[in-house]
There are 2 protein chains.
Amino acid sequence: MNNLLRAAVIGIGNMGSAHAHCIYSGSISGMRLTAVCDLRPERLAWAKQELPGILTFSDYHRLLASGETDAVIISVPHPLHSVIAMEALNAGLHVLSEKPLDIRLSLARKAVETGRNSGKIFAVMLNQRTNPIFQRARELISCGHLGEIKRSVWIITNWYRTQHYYDSGDWRATWKGEGGGVLLNQAPHNLDLWQWICGMPVEITACCDMAHYHHVEVEDDATLLTRYANGATGCFITSTGEYPGTNRLEISGTKGKIVLEDGKLKSWLLKEDEQVVRFSSGQSSPDIPLDYSEWKPDAEPSAHAGILQNFTDAILNGAVLLSPAEDGLNELALSNAAYLSAWQGSIPVKFPMDEKQFDRLLDERQATSRGPLIPTVSNHEIDGKYSDRWQVKW
Amino acid sequence: MNNLLRAAVIGIGNMGSAHAHCIYSGSISGMRLTAVCDLRPERLAWAKQELPGILTFSDYHRLLASGETDAVIISVPHPLHSVIAMEALNAGLHVLSEKPLDIRLSLARKAVETGRNSGKIFAVMLNQRTNPIFQRARELISCGHLGEIKRSVWIITNWYRTQHYYDSGDWRATWKGEGGGVLLNQAPHNLDLWQWICGMPVEITACCDMAHYHHVEVEDDATLLTRYANGATGCFITSTGEYPGTNRLEISGTKGKIVLEDGKLKSWLLKEDEQVVRFSSGQSSPDIPLDYSEWKPDAEPSAHAGILQNFTDAILNGAVLLSPAEDGLNELALSNAAYLSAWQGSIPVKFPMDEKQFDRLLDERQATSRGPLIPTVSNHEIDGKYSDRWQVKW
């Protein structure tokens, strides 16, 4: 491998055009944009105009076989992520896929296996992992400062969207075209961070309300209850229909509590483990001494560019991947399991979940879905810039 | 009715002694303490010492028949509340019962019917209703300032208790002696305020973890998911095992959001109904103009004394009851339904719930309960003062 990684972006719509622009502008050290690929002629025309000197492809198979790239960034509709990733990995290319890895855990798992066998780097765009506030929360827990986790509650309801948003593409919010609603499109970042910080649960029970606020096929409101191996409980609440929403993550442990809110990490760290006090105190409801502090990151998260850089560094210099594709299986398992629970009357679903049953139930929904697999209508203008709405909102 | 109401307190343990002391000291205008009743000689000795001139009874039947009182305040173990209330009402007395009205909705309902037929005043000690912050939240919603409710989430996990607390009486935290755990003992205030502010749900699904943190029979951790007639959802999370806990109620509506936290009511009131924006905006994720404000009550809530005064005023002057016994049925319905859901594997339970099924399942638990119906061990000192821990904690 030489010291310049040749990269191509497959799908240059809203996000893909921004990735292409970012790489093309030289923002990613060691990565050079050589090609883009899209089905839509107007987007390729945009690329020729905005990204002079870059090869354009309308067929991704031809791009993969062209020898013009070492790595691909996949930014196509979700149901095509894993299929294209597998082809690219089998063609000997490194792959960075947009989130989610796929809409089906079964297919994403195959893609991850393909990646493992290929020896290539396979990452997923979980860009909120670059946020120092979530990194610090994770560290507090992994280093034991919070003790054993008792409960986590994430109210993440500030993903507000209008009907105009859903009408902006005919694939949107359909089982066939997009494969899910708020859990699959807006909240994957939060589902990922939740499990990244608190670990994966052993069981999930979910209420997913379809078309609760909007004229859509999929869920735009969801509440997940989770149970962890140590008996801890979790609650995850999200919607695209509340305004102003909330973004508040609370994690309670045997040694205190943290709350991530308003861009701050607030921590209450006990001077003595609560479990000791619980069984030794002679008072009914004692005050346990604690240290309270608030912490706010100095720097902005590096976001998408940070993930692109880390992906490049992993390939060129062996850096540890911040968001390996394998990790993307976890957040997808959470949303797939939530659907499986909700579709069967909010029954508890244990992990590992029945992926075949999920695929059958999704097949049923896709069979009557009005959405096209490949978008035929898209009103989103491409501007090649990272939009504010992809950043963490508090 | 003359202008001085003669009152007696039945059960002068922890709370009852405080009620007796409060009335005796003349704090309740129009109410005079004439008698107390308790099974335990040491408590009656305390009363003779601390409340000179007051009659003492060891048998409540004799008190009810004595002609020495117009009203009784019932502060005995929960499973005896409704039984004694019915006898008192049938004896022609007004009744103020400690919360919960009973441990069984079926029995509490009979007591409320008895009250209705008696023509007497029957109230329940839902003292947190006197808190101006909850009154204001209720008013904001009932006056339509928040529009139609979409969701409510109450994290009320600051009811921390040690094992010492549970060991302080042998009836505590047993199915027979106390009849339930955190939902029946600590959180009834919050369950009541929740339904008082947001209305009653049509369905409830609950996880109630028995002996999760303590050596007890009953639940010390609970999560309730509720569904309302308009499709709104609710979530209620409580425990006695987290430190420091949280007391945060968030209610989201079509016209904004309120959050009750840190003793403040924060409100975000939209200048335009979100539903209008949702279907008319040409933006995907618009900023909707709103007014933000914070409000903190000037005065302390009148708490128990406020309920005693209101009870007195209702009897003497026809004042509207702030906490009629009938209202106490609602919070009890919530906790009974939560148990019914949890005991059957967290299945959804619709209202009106199957009270007979609940009674059967509670009977099973009581049959093997180690708790006595009447306390035989009680380490709580009686001091006749309202303890801080009965006030709202933030």
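Residues numbered from 1 in each chain as written. Chains lettered and ligands numbered in written order. Predicted model: local features only at pLDDT ≥ 70, side-chain atom pairs only at ≥ 80, totals over all residues. Heavy atoms only, no water.

Draft legend 1. Quick look at unusual backbone geometry. Going from Lys99(B) to Pro100(B), the amide bond is cis rather than trans, its omega being -15°. Turning to its location among the elements, Pro100(B) is positioned in the loop between strand S5 (94–97) and helix H5 (105–118). Here the residue pair Tyr243(B) and Pro244(B) is connected by a cis peptide bond, since its omega of -10° sits within 30 degrees of zero. Its place among the elements puts Pro244(B) in the loop between strand S10 (233–239) and strand S11 (247–253). Backbone geometry places Asp262(A), a non-glycine residue, at a positive phi of 55°. According to the relative accessible area criterion, Asp262(A) is partly exposed, its value standing at 47%. The phi dihedral of Ala303(A) falls on the positive side, at around 55°, and the residue is not glycine. Residue classification places Ala303(A) among the buried residues on the basis of a relative accessible area of 7%. (Helix = DSSP H or I, 4+ residues; strand = E, 2+ residues; numbered from the N terminus. Buried < 20%, exposed > 50% of the residue type's maximum accessible area, 1.4 Å probe, protein only.)

Draft legend 2. Main features of helix H5 (residues 105–118) of chain A. Residue and element names in this part refer to chain A. Taking 1.5 Å as the rise per residue, H5 with 14 residues should run 20 Å; its terminal C-alpha atoms sit 20 Å apart, in good agreement. Of all the positions in H5, only Leu105, Ser106, Ala108, Ala111, Val112, Thr114 and Gly115 are classed as buried. Against the buried residues of H5 lie helix H4 (81–90), strand S6 (122–124), helix H12 (325–343) and helix H13 (355–367). Note on H5: the residue one or two positions beyond its end, Gly119, has a positive phi of about 75°. (Expected span 1.5 Å × (residues − 1). Contact = heavy atoms within 4.5 Å.)

Draft legend 3. Summary view of the relation of the copies chain B and chain A. Superposing chain B onto chain A takes a rotation of 180° plus a shift of 0.0 Å along the axis, which leaves an RMSD of 0.0 Å. The operation mapping one copy onto its partner corresponds to a two-fold rotation axis. Minimal C-alpha distance to the rotation axis in chain B is attained by Ile347(B), lying at 3.9 Å. By residue overlap, the copies meet face to face through one surface: 100% of the interface positions of chain B are interface positions in chain A. (Least-squares fit on C-alpha atoms with pLDDT ≥ 70 in both.)

Draft legend 4. Structural context of the interface of chain B and chain A. Chain B puts 57 residues into the contact, and the matching count from chain A is 57 residues. Together, the buried faces of chain B and chain A total about 4,800 Å²; carbon and sulfur atoms form 51% of this surface. Where chain B packs against chain A, one counts eight salt bridges. The shortest N-O distance in the salt bridge between Asp209(A) and Arg227(B) comes to 2.6 Å. Here chain B and chain A share 34 residue pairs in polar contact (both at pLDDT 80 or more) between them. Ranked by the residues each element gives to the side of chain B that touches chain A, the list is headed by S10(B), at five residues. Here the side of chain B that touches chain A is built from residues that sort into 18 nonpolar, 24 polar and 15 charged. (Buried area = accessible area lost by both parts, 1.4 Å probe. Salt bridge = Lys/Arg side-chain N within 4 Å of Asp/Glu carboxyl O. Polar contact = N/O pair within 3.5 Å; in protein donor to acceptor, adjacent residues only side chain to side chain. Nonpolar A, V, L, I, M, F, W, Y, C, P; charged D, E, K, R; others polar.)

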